[in-house]
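Each chain is listed here by its residues.
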Amino acid sequence: MHPLEPGRQASMTLALDALDQLVRFTELLPKAPADGTRLREDEGSWVAPPEQPRDHRRVLDDIFAAAEIAVETAGPTYMGYVPGGGLVSAAVADLVADGLNRYTGMARFAPALVAMEESVLSWLGQVFGLPASGGGLTTTGGSMANLTAVVAARESHLGEEFGKGTIYLTAATHRSVAKAARVAGVARDRVRTVPTTDDLHMDVAAAAEMIHRDRSVGLTPFLLVGTAGTTDTGAVDPLAELGELARAEGLWFHADGAYGGFFQLTERGRQRLAGIELADSITLDPHKGMFLPYGTGVLLVRDRSALQAAFAADGNYLQDVAEEAALPDYASLGPELSREFRGLRLWLPLQLHGVAAFREALDEKLDLALQAHRELDDDPRLEVPWAPELSTVAFRLRDEGPDGARTKALLERVNATNRVFLSSTRIGDHHHIRLCILSHRTHAAHVSEAIEIIRSQVHHP
Ligand SMILES: *Cc1c(COP(=O)(O)O)cnc(C)c1O
């Protein structure tokens, strides 16, 4: 037996023992400490690659021990940043996809599997009302989807001479967009921060004015970025008006729905995100709104050929590969050539659980945010400035000073209970704690527990 091909018995034992530990891990999640790094602040000491094999059980134990020294991002009371949870069915999809090791960067190599991935992307295109010319690409996350969109917009609207191109976003736009602009070669002083209105939405009139002013001094406005649910508060920019503005001014309209996009599966979400169908490109993060494991983003585009124009590349070593007519070569739609069969971690959970399960889970999150808002707002010691548009509630201590010191200290006390994990942000002049409810494992009792902890920690000697 070749040591790297250990055969049926050893492979089965390894996989089943790993799965056994994994299932036990998920069963224990409700009781797990919210932040394991509070219990153990070192990062352990792990065996360097040994010359000879180690026992697989010891190695698995090492992995699960290391995983304990972590913020419990998979647990039901993780409400910091943007949670997602991680479906076990998607982990099984990864195991199968990696075991098959099919090449899906070009349709020619595995057309049926590419068609499988494409079936999910075209379903998403329909969910967002994109036309038949539309297409998509799975990425490793929202940052890569935003980068791909910025490059496509730049190529489509500016071509080779893009030094004068300007981008419009707000202070609440995710930082990955500014990062994408930098990677795409757009200078920092070409990125405009459009003011927001009191409800934290992009001020459309101000955006129009800035676009006109830039054009009058010889610059070339090319990209307008609206956020379909900001990371801070879940505020949804006025997408319909932004779409119309972009169309009237000849700009590419990108909607960043990394956090909020999947609420489109719900009736309330569709109302909030109205206008997103006007976008030239939409970023989604299935590792947030579809509860998949980290490493799953999606970019949808109104016109697949715009991605092709930006990313198709040939090389002498690719001369044997002819384009399939019907199916896309994902390698020609984005920066990556070789990739794992990423589509399976979307396709399998959707097939196994059905779309309704996702729709209902997302609808539940909208209800939970209303619950959180109501319960926090009932406490006169807290200031809860915005009703949730999606599933995030931001709050601060009433009569807080400009440094936000008391609110910061409250967050530290709340997280020190190790029963819940929250994070904070700065909105305007104020420091806010935010509660982002998005894991499929988070239900009403977990939200109540979080609120109870917050309220019990407000008063402190
Ligand atoms: C999370 C997020 C991103 C970045 O996505 P990653 O998957 O973390 O790279 C971009 N935009 C918004 C609105 C987000 O919430």
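Reading guide: rules and limits
Residues numbered from 1 in each chain as written. Predicted model: local features only at pLDDT ≥ 70, side-chain atom pairs only at ≥ 80, totals over all residues. Heavy atoms only, no water. Near = heavy atom within 4 Å. Polar contact = N/O pair within 3.5 Å; in protein donor to acceptor, adjacent residues only side chain to side chain. Areas by Shrake-Rupley, 256 points an atom, 1.4 Å probe, with all protein chains shown as cover. Helix = DSSP H or I, 4+ residues; strand = E, 2+ residues; numbered from the N terminus. Nonpolar A, V, L, I, M, F, W, Y, C, P; charged D, E, K, R; others polar. Pairing = 2+ DSSP bridges. Axes fitted to C-alpha atoms, helices over the stretch in contact; angles between N-to-C directions. Parallel < 35°, antiparallel > 145°, perpendicular 65-115°, else oblique. Left-handed = near helix turned anticlockwise from the far one by under 90°. Contact = heavy atoms within 4.5 Å. Core = buried A, V, L, I, M, F, W, Y, C linked by side-chain atoms within 4.5 Å. Buried < 20%, exposed > 50% of the residue type's maximum accessible area, 1.4 Å probe, protein only. Expected span 1.5 Å × (residues − 1). Patch = residues over 30% accessible without salt bridge, like charges linked within 9 Å, V, L, I, M, F, W, Y side chains within 5 Å. Salt bridge = Lys/Arg side-chain N within 4 Å of Asp/Glu carboxyl O. Lys, Arg positive; Asp, Glu negative; His and termini not counted. Charge placed at Lys NZ, Arg CZ, Asp CG, Glu CD.

Novice: I tried to follow the site of the ligand on my own but got confused; where do I start?
Specialist: Taken together, 14 residues form the shell around the ligand, and within it Gly-142, Ser-143, Asp-256, Asp-285 and Lys-288 come nearest. Between Gly-142 and the ligand, the recorded distance is 2.7 Å, taken from a backbone N or O atom to an oxygen atom. Between the ligand and the protein, one listed contact pairs an oxygen atom with a side-chain N or O atom of Thr-231 at 3.0 Å. For the ligand, the accessible surface in isolation is 380 Å², of which the surrounding protein chains cover 86%. Contributing elements (two or more residues each) for the shell around the ligand: α5 (142–158) and α10 (286–289). The element contributing the most residues to the shell around the ligand is α5, with three residues. Grouping the amino acids of the shell around the ligand by side-chain chemistry returns two nonpolar, nine polar and three charged.

Novice: Just checking my understanding: could you explain the sheet that holds strand β4 (residues 220–227) for this structure?
Specialist: Strand order in the open sheet formed by seven strands is β1-β7-β6-β5-β4-β2-β3, with mixed pairing between adjacent strands. The sheet is open, and its two borders are formed by β1 (135–139) and β3 (191–193), each paired with just one other strand. Pairwise comparison of adjacent strand axes, ignoring direction, gives a mean angle of 20° for this sheet.

Novice: Even after reading the chapter, I still don't get the packing of helix α7 (residues 204–216) against helix α8 (residues 239–249), so can you show me in this structure?
Specialist: Packing of α7 against α8 brings their axes to within 10 Å, and their N-to-C directions diverge by 20°. As the angle between them shows, α7 and α8 are arranged roughly parallel. Both α7 and α8 take part in a crossing whose hand is right-handed. Here Val-204, Ala-207, Ala-208, Ile-211, His-212 and Arg-215 of α7 lie close against α8, whose contacting residues are Glu-241, Leu-242, Leu-245 and Glu-249.

Novice: Would you mind showing me how to read the nonpolar core here?
Specialist: Across soluble globular proteins, you tend to see nonpolar side chains buried next to one another. With 82 residues, the main nonpolar core has Phe-128, Leu-224, Ile-282 and Leu-300 as its most contacted residues. Leaving out residues up to four positions away in the same chain, Leu-224 has contacts with Tyr-168, Met-202, Leu-242, Leu-245, Ala-246, Leu-251, Trp-252, Phe-253 and His-254. Of all hydrophobic cores here, the second largest spans 24 residues; its members include Ala-372, Val-393, Leu-411 and Leu-435.

Novice: Any chance you could explain helix α13 (residues 355–377) here in plain terms?
Specialist: Because each turn of an α-helix spans 3.6 residues, side chains separated by three or four positions in sequence point in the same direction. Under the 1.5 Å per step criterion, the end-to-end length of α13 is 33 Å for 23 residues, consistent within 8% with the ideal 33 Å. Along α13, the residues classified as buried are Phe-358, Ala-361, Leu-362, Lys-365, Leu-366, Leu-368, Ala-369, Gln-371, Ala-372, His-373 and Leu-376.

Novice: It is not clear to me how helix α14 (residues 405–416) should be interpreted in this structure. Could you clarify?
Specialist: With 12 residues, α14 extends 16 Å between its outermost C-alpha atoms, agreeing within 8% with the 16 Å of an ideal straight helix rising 1.5 Å per residue. The inward-facing, buried residues of α14 contact β9 (392–397), β10 (423–427), β11 (430–436) and α15 (444–458). Phi for Asn-418, located one or two positions after α14, is positive at around 60°.

Novice: How should I be thinking about the packing of helix α3 (residues 88–100) against helix α12 (residues 344–353) in this particular structure?
Specialist: Two quantities define a packed helix pair, namely the angle between the axes and the distance from one axis to the other. Packing of α3 against α12 brings their axes to within 8 Å, and their N-to-C directions diverge by 130°. Here α3 lies oblique to α12, going by the angle between them. For the pair α3 and α12, the sense of crossing is right-handed. Residues Ser-89, Ala-90, Val-92, Ala-93, Asp-94, Val-96 and Ala-97 of α3 touch α12, and the partners they reach there are Leu-344, Arg-345, Leu-348, Pro-349, Leu-352 and His-353. In terms of residue class, the contact of α3 with α12 is built from nine nonpolar, two polar and two charged.

Novice: What is the right way to read the environment of Leu-251 from this model?
Specialist: Counting through the fold element by element, Leu-251 comes out in the loop between α8 and β5 (252–257). In this structure, the C-alpha to C-alpha distance between Leu-251 and Gly-163, residues 88 residues apart in sequence, is 16 Å. Ignoring any residue separated from it by four or fewer positions in sequence, one finds Leu-251 in contact with His-157, Tyr-168, Ile-211, Arg-215, Pro-221, Phe-222, Leu-223, Leu-224, Ala-246 and Asp-280.

Novice: Would you mind showing me how to read a positive patch on the surface here?
Specialist: A surface patch of like charges, here positive, comprises Arg-175, Lys-179, Arg-182 and Arg-188. As for its position among the elements, Lys-179 is in helix α6 (residues 175–183).

This is a description of form; function is not addressed.
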